[in-house]
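These are the residues of each chain, in order.
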Amino acid sequence: MAKVGSDKRPAVVRVRTMPKGEQIVALCERHHWKVIVGIEPDQPEDLSDIDLLLRGPAGERPAPRADPGIGRNDYCPCGSGKKFKNCCAAP
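Below or above, wherever it landed, is the structure these notes cover. (Residues numbered from 1 in each chain as written. Predicted model: local features only at pLDDT ≥ 70, side-chain atom pairs only at ≥ 80, totals over all residues. Heavy atoms only, no water.)

**Quick notes on the nonpolar core**
One finds Val-4, Ala-11, Val-13, Val-15, Ile-24, Leu-27, Cys-28, Trp-33, Ile-50 and Leu-53 forming the largest nonpolar core, which totals ten residues. Counting residues per element, the ones that place at least two in this core are strand S1 (11–15), helix H1 (18–31) and helix H2 (48–55). Beyond its immediate sequence surroundings of up to four residues, Ile-24 is in contact with Val-13, Val-15, Val-35, Val-37, Leu-47 and Ile-50. (Core = buried A, V, L, I, M, F, W, Y, C linked by side-chain atoms within 4.5 Å. Buried < 20%, exposed > 50% of the residue type's maximum accessible area, 1.4 Å probe, protein only. Helix = DSSP H or I, 4+ residues; strand = E, 2+ residues; numbered from the N terminus. Contact = heavy atoms within 4.5 Å.)

**Concerning the environment of Val-4**
Of note, Val-4 is situated in the segment before S1. The residues contacting Val-4, other than those within four sequence positions of it, are Arg-9, Ala-11, Asp-49, Leu-52 and Leu-53.

**Topic: the environment of Ile-70**
With respect to the helices and strands, Ile-70 occurs in the segment after H2. Note: C-alpha distance between Ile-70 and Phe-84 (14 residues apart in sequence) is 7.8 Å. Beyond its immediate stretch of four places on either side in the chain, Ile-70 contacts Pro-77 and Phe-84.

**Side note on the pairing of strand S2 (residues 35–39)**
With five bridges joining them, S1 and S2 adopt parallel strand pairing. Bridge pairing in S2 places Val-15 opposite Ile-39. Taken together, S1, H1 and S2 form a β-α-β motif whose crossover is right-handed. (Pairing = 2+ DSSP bridges. Right-handed = clockwise from strand over helix to strand, strands pointing away.)

**Quick notes on the packing of aromatic side chains**
Per the counting criterion, the structure on display carries zero aromatic pairs. When the ring centre of Tyr-75 is taken as reference, the NZ or CZ atom of Lys-83 above it lies at 5.5 Å. (Phe/Tyr/Trp six-rings, centres within 6.5 Å; stacked < 30°, edge-to-face > 60°. Lys NZ or Arg CZ within 6 Å of the ring centre and 35° of its normal.)

**Section: H1**
Between its terminal C-alpha atoms H1 stretches 20 Å, which fits the 20 Å expected from 14 residues at 1.5 Å a residue. The complete set of buried residues in H1 reads Gly-21, Ile-24, Leu-27 and Cys-28. Buried positions in H1, seen along its axis, are confined to an arc of 125 degrees and lie on one side of it. Facing away from the buried side of H1, by more than 90 degrees, are the exposed residues Gln-23, Glu-29 and Arg-30. Buried residues along H1 sit in contact with S1, S2 and H2. Structurally, the start of H1 carries an N-cap: the backbone nitrogen of Lys-20 is 3.4 Å from a side-chain oxygen of Thr-17. (Expected span 1.5 Å × (residues − 1). Arc of directions from axis to C-beta. Polar contact = N/O pair within 3.5 Å; in protein donor to acceptor, adjacent residues only side chain to side chain.)

Below, the structure is given as structure tokens:
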């Protein structure tokens, strides 16, 4: 299936006013997204495709953060109450 915002599957947006439609078109041009904007004053606005494009792909997850580990001046995890450098890290 084609990606939303591409030539084969443009984003479809419904807004109530012309200025809002122009803002959407400008945003899509900046990001090189294809969009079809309908201006319908008597219908509710539908910006779901634009929200989807701004959020990015749902399958992408943020990169996992590295575990900070134990610093030399942290208390030792063995439970002795001493600093790590004077307990288990000492040679």
